[in-house]
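Reading the structure
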Amino acid sequence: RRRAASEQQPAVAGDRGLVIFLLGGFVLAVLSGGTASVAGFGIGSLLTPLLAATFGTATAVAAVALPHAAATALRCWRLRANIDWSVVRGFGLLSAAGGLVGALLYTRFSNDALTLTLGLLLLSTALATLVDLPSRVRVTRLVVGVLGLLSGLFGGLAGNQGGLRAAAMLSL
């Protein structure tokens, strides 16, 4: 049944808000992708909170998986001649395994648990950066492997692993 014209809600206000969100999201996505293609992180830290605030953390984590995959493919292609296969073996394979485990766990966590996990990861990354922890701590190859596993796990679970990855990469 159709509503009378006087009962219908004005679509302009809602549409305007959606357009502003989509434009802002697009700009942030481009900036996140640009940052990630150069620095190796940024999509999860910048885009996930915006999407989580609007659609919930579970949807946000799933949504950022696509630009993560695209940015990773772009970096691999651009840097293919300079890939250090010992890093792939010592960090990358464990990170990929952790990512698969994180993705499986992702399906078991509630939206609130994912939000808490993401928030704690973002806060701990910010704190580690503020105290310059990655450059002050030297880690062994074994610890780099563990950081790879954790990086993948949190990437698969909450869409954010940049801080762990950066700490491990700085120590190589």
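Residues numbered from 1 in each chain as written. Predicted model: local features only at pLDDT ≥ 70, side-chain atom pairs only at ≥ 80, totals over all residues. Heavy atoms only, no water.

**Some details on the overall build of the protein**
What counts, and what does not: Secondary structure elements follow DSSP: runs of H or I of four or more residues count as helices, runs of E of two or more count as strands, with numbering from the N terminus. All accessibility values rest on the Shrake-Rupley procedure with a 1.4 Å probe; residue burial counts only the protein chains present in the view.
Along the protein, the regular secondary structure elements total 8 helices and 0 strands. N-terminal to C-terminal, the α/β element order of the protein is α-α-α-α-α-α-α-α. Carbon and sulfur atoms make up 70% of the accessible area of the protein, which amounts to about 10900 Å² in all.

**Here's the deal with the packing of aromatic side chains**
Selection rule: A pair of aromatic rings is counted whenever rings of Phe, Tyr or Trp (Trp by its six-membered ring) have centres within 6.5 Å, and the orientation is called stacked for planes under 30 degrees apart, edge-to-face for over 60 and tilted otherwise. Burial here depends on accessible area, computed with a 1.4 Å probe over protein chains only, as a share of the maximum for the residue type. Under 20% is buried, over 50% is exposed, and the range in between is partly exposed.
Inspection of the entire model under this criterion finds 1 aromatic pair. Plain terms: the ring middles of Phe21 and Phe55 are 5.7 Å apart, the flat faces sit at 75° to each other, and that makes the pair edge-to-face. Taken together, the positions of Phe21 in helix H1 (residues 11–39) and Phe55 in helix H2 (residues 43–55) put the pair 34 residues apart, joining distant regions of the chain. According to the relative accessible area criterion, Phe55 is partly exposed, its value standing at 47%.

**Comments concerning the nonpolar core**
Note the cut-off: Within this scheme, the nonpolar core is defined by two criteria: the residues are buried Ala, Val, Leu, Ile, Met, Phe, Trp, Tyr or Cys, and they are joined through side-chain atoms within 4.5 Å. Residues are treated as being in contact if the distance between any of their heavy atoms lies within 4.5 Å.
Judged by nonpolar contacts, Leu47, Leu51, Ala52, Ala60 and Val64 together constitute the single largest core of 5 residues. Listed by contribution, the elements that provide at least two residues to this core are H2 and helix H3 (57–78). By residue number, the principal contributor to this core is H2, which donates 3 residues. When sequence neighbours within four positions are dropped, the list of residues in contact with Ala60 reads Thr48, Leu51 and Ala52.

**Here we look at the packing of helix H4 (residues 85–106) against helix H7 (residues 141–158)**
As a reminder of what qualifies: Whenever a helix is involved, its axis is fitted only over the stretch in contact; in every case the axis is a line through C-alpha atoms, and angles between N-to-C directions fall within 0 to 180 degrees. When the near helix sits turned anticlockwise from the far one by under a right angle, the crossing is termed left-handed; a clockwise turn instead gives a right-handed crossing. Each residue gets one label: Ala, Val, Leu, Ile, Met, Phe, Trp, Tyr, Cys and Pro are nonpolar, Asp, Glu, Lys and Arg are charged, and the others, such as Gly, are polar.
Two numbers describe how H4 lies on H7: the axes approach to 6 Å, and their chain directions differ by 35°. Crossing geometry of H4 relative to H7 is assigned as right-handed. Along the contact surface, H4 presents Ser86, Gly90, Phe91, Leu94, Ser95, Gly98, Gly99, Val101, Gly102, Ala103, Leu105 and Tyr106, while H7 presents Arg141, Val144, Gly145, Leu147, Gly148, Leu149, Ser151, Gly152, Leu153, Gly156 and Leu157. Split by residue class, the contact of H4 with H7 holds 11 nonpolar, 11 polar and 1 charged.

**Let's talk about the confidence of the model for the protein**
Operational definition: pLDDT is a residue-level measure of predictor confidence that goes from 0 to 100.
Overall, the prediction assigns the protein a mean pLDDT of 77, with 79% of residues at 70 or greater. In the model, residues 1–12 has pLDDT below 50 throughout and makes 3 contacts with residues more than four positions away in sequence or in other chains.

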